[in-house]
Amino acid sequence: MQNRNQGLTSVLCVIYGASERGAPSVKLRVILQLLLGLGITSLSAQTTGSFVLTEFKAVNWGPVIDEDGDDSDWIEIYNASDSEASLAGWSLTDEQREPRLWRFPDVRVEAGGFVIVFASGKDRRDVDSELHTNFRLSRRGEYLALVSPSGVSSEYTPRYPEQVAHASFGAPMALDVIPLVTSLTPLRWFVPRDDSLAFSWTEPGYDDSLWEQAVAPIGFDERDPPALIDEIKTSVADRMRGQNAGAFLRIPFDLSAATPRNLTLRVRYNDGFVAFLNGREIVRRNARSPIGWNTGALSRRSLAQVRRFEHIDISEHRDFLEPGSNLLAIQALNQSANDADFFFVAELDGLEVQRVDTPTSGYLEQQTPGWPNGGAFDGLLAPPSFSHASRILTE
């Protein structure tokens, strides 16, 4: 048996990187509205078990791929109960007359956890590897159901609507957001001159009283013309440029409630970073391995990339949190010590699912496999029509 949760599932490449979790995109809305003129098939959900079919992707053009490197379609299952539960005896089907078309193995899912099943037709049920159904999903729409041992738990009937490549489909969730670190959280920073600290500075008990105090974003922009200078709250140019490609940051925060089931780290960075939670590495981006006290980033990032928050699921590391005082430590990286610009800001949130709104299923604002869903579109507009045939107009 295997305990599946968001942090352990292999498809959380996310997005947060390959795709971002954030506010709904106007561009995405326009693309969706222009593509199809369809209504939304509602999700019929009976409360016959703890699991709910919360999201699926029937036109998967990435970034989620399976272990064979294929961009197989996928289905997300959520444990909506308050305790760990097994999917043994449960089934997925795209045939209403065959409710037991593909049976789950004994996969155990923690409370509030997710399981991703690839709808690839490969029929794999090894609990220690990826799960694959023996059927594929239809782009044009079809019946789809999650079936409990006692009957249908969640179903799209008579069929879900035609699917598009730019959005997944599923049930929106009401979320409780718990801010742990914001851009206003005080931090301390230091630019090392040698390796005497090693990684001791990432530990909560390290004495940083001699470090500089600051608020984020930190950085500098000495390009002509500068592009980020108005956003930078703390300049580190005097200590960093021409001396070191990186800086050490320590951001203390408190956890006053129970440990949240979901954790997301939102980061804007130029050009890389390594993050530690209470002394243990949790994630790195554009960073060399191993990393030293003066290591630079692997490559430069574009201004467009730096302007966007990257959202990273770090739920698998939530056990690193402690009641009370905690520490988020960051080694922020430039590509080289002589770079003319540098930028870093990080935010950390806990997320709890309060409610799954299955009756209002629709095209989701952002695909979030293994992660709580955001809002959904309740329909798509018809393709545009034009009052005149296409031609060249001149004055």
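Per chain, residues are indexed from 1 in the order of the written sequence. Note on the predicted model: pLDDT of at least 70 is required for a residue's local features to be given, and 80 or more for side-chain atom pairs to be given and counted; whole-chain, interface and lining totals, by contrast, use all residues. The basis for every side-chain value is the complete set of heavy atoms in the structure, and neither hydrogens nor water enter the calculation.

(A) Local environment of the overall build of the protein chain. Runs of H or I in DSSP of at least four residues are treated as helices and runs of E of at least two as strands, each being numbered from the N terminus. Scanning the protein chain from terminus to terminus reveals 4 helices and 27 strands. Buried, partly exposed and exposed residues are distinguished by accessible area as a fraction of the type maximum, computed with a 1.4 Å probe on protein chains only: under 20%, between the cut-offs, and over 50%, respectively. Out of the 395 residues in the protein chain, the part that is buried amounts to 54%. Taking the contacts inside the protein chain whose residues are at least 6 apart along the sequence as the reference set, 76% of them involve residues at least 24 apart. Only the protein chains shown count as covering a residue, and every accessible area follows the Shrake-Rupley method with a 1.4 Å probe. Looking at the protein chain as shown, the accessible area adds up to about 17,500 Å², and 49% of this sits on carbon and sulfur atoms. Any two residues whose heavy atoms approach within 4.5 Å are treated as being in contact.

(B) Region of the structure containing the sheet that holds strand β4 (residues 73–79). Spatial ordering of the open sheet is given by β10-β9-β4-β3-β13-β26-β27, a layout of 7 strands whose pairing is mixed. A single partner strand is all that each edge strand has here, and the edge strands are β10 (131–132) and β27 (376–377). Strand direction decides the pairing type here: strand β3 (residues 51–57) and strand β13 (residues 169–170), joined by 2 bridges, are antiparallel. Paired with Phe56 across the strands is Phe169, a residue of β13. A pair of strands counts as paired when DSSP detects no fewer than two bridges linking them.

(C) Main features of the pattern of salt bridges. We count a salt bridge whenever a side-chain nitrogen from Lys or Arg sits within 4 Å of a carboxyl oxygen from Asp or Glu. Evaluated as defined, the whole model comprises 23 salt bridges. When the shortest N-O distance is used, the salt bridge between Glu84 and Arg108 registers 2.8 Å. Of the two residues, Glu84 sits in the loop between β4 and β5 (85–86) while Arg108 sits in strand β8 (residues 107–109), which places them 24 residues apart along the sequence. Using a relative accessible area of 39% as the deciding quantity, one classes Glu84 as partly exposed. Relative accessible area serves as the criterion here: at 25%, Arg108 is assigned to the partly exposed category. Linking Arg307 and Glu231 is a salt bridge whose minimum nitrogen-to-oxygen distance equals 3.7 Å. On the criterion of sequence distance, the pair formed by Arg307 in helix α4 (residues 303–307) and Glu231 in the loop between β17 (218–221) and β18 (234–235) is long-range, its members being 76 residues apart.

(D) Local environment of the side chain of Glu155. As for its placement among the helices and strands, Glu155 is situated in strand β12 (residues 151–156). Only four residue types enter the tally: Lys and Arg on the positive side, Asp and Glu on the negative side, with His and both chain ends excluded. Put simply, Glu155 is tucked away with no salt bridge, and the nearest opposite charge, on Arg100, sits 12 Å away. Within 3.5 Å is the distance limit for a polar contact, defined as a pair of N or O atoms, with the added protein rule that one can donate a hydrogen and the other accept it, and that residues adjacent in sequence qualify only through two side-chain atoms. Within the local environment of Glu155, its side chain forms a polar contact with the side chain of Tyr143, the two groups lying 2.6 Å apart.

(E) Structural detail: the sheet that holds strand β16 (residues 212–214). Taken in spatial order, the 6 strands line up as β16-β15-β19-β24-β21-β22 in an open sheet, and their pairing is antiparallel. Unpaired on one side and paired on the other, β16 and β22 (280–285) mark the two borders of the sheet. Taken over all neighbouring pairs, the strand axes of this sheet differ in orientation by 25° on average, direction set aside. In this description, a line fitted to the C-alpha atoms serves as the axis of each element, helices being fitted only across the stretch in contact, and the angle between N-to-C directions of two axes falls anywhere from 0 to 180 degrees.

(F) View of the confidence of the model for the protein chain. Confidence along the protein chain averages 86 in pLDDT terms, with 83% of residues attaining 70 or more. Within the model, pLDDT remains below 50 along residues 1–48, and this stretch shows 162 contacts once partners closer than five positions in the same chain are excluded. The pLDDT value tells you how sure the predictor is about a given residue, anywhere from 0 up to 100.

(G) Here's a closer look at the nonpolar core. Leu265, Phe273 and Phe344 are the most contacted members of the largest nonpolar core, which has 42 residues in total. Considering each element in turn, this core owes the most residues, 6 residues, to strand β25 (residues 341–356). To qualify as a nonpolar core, a set must consist of buried Ala, Val, Leu, Ile, Met, Phe, Trp, Tyr and Cys residues joined through side-chain atoms within 4.5 Å. Judged by nonpolar contacts, the second largest core, of 30 residues, contains Phe56, Leu87, Leu92 and Leu137.

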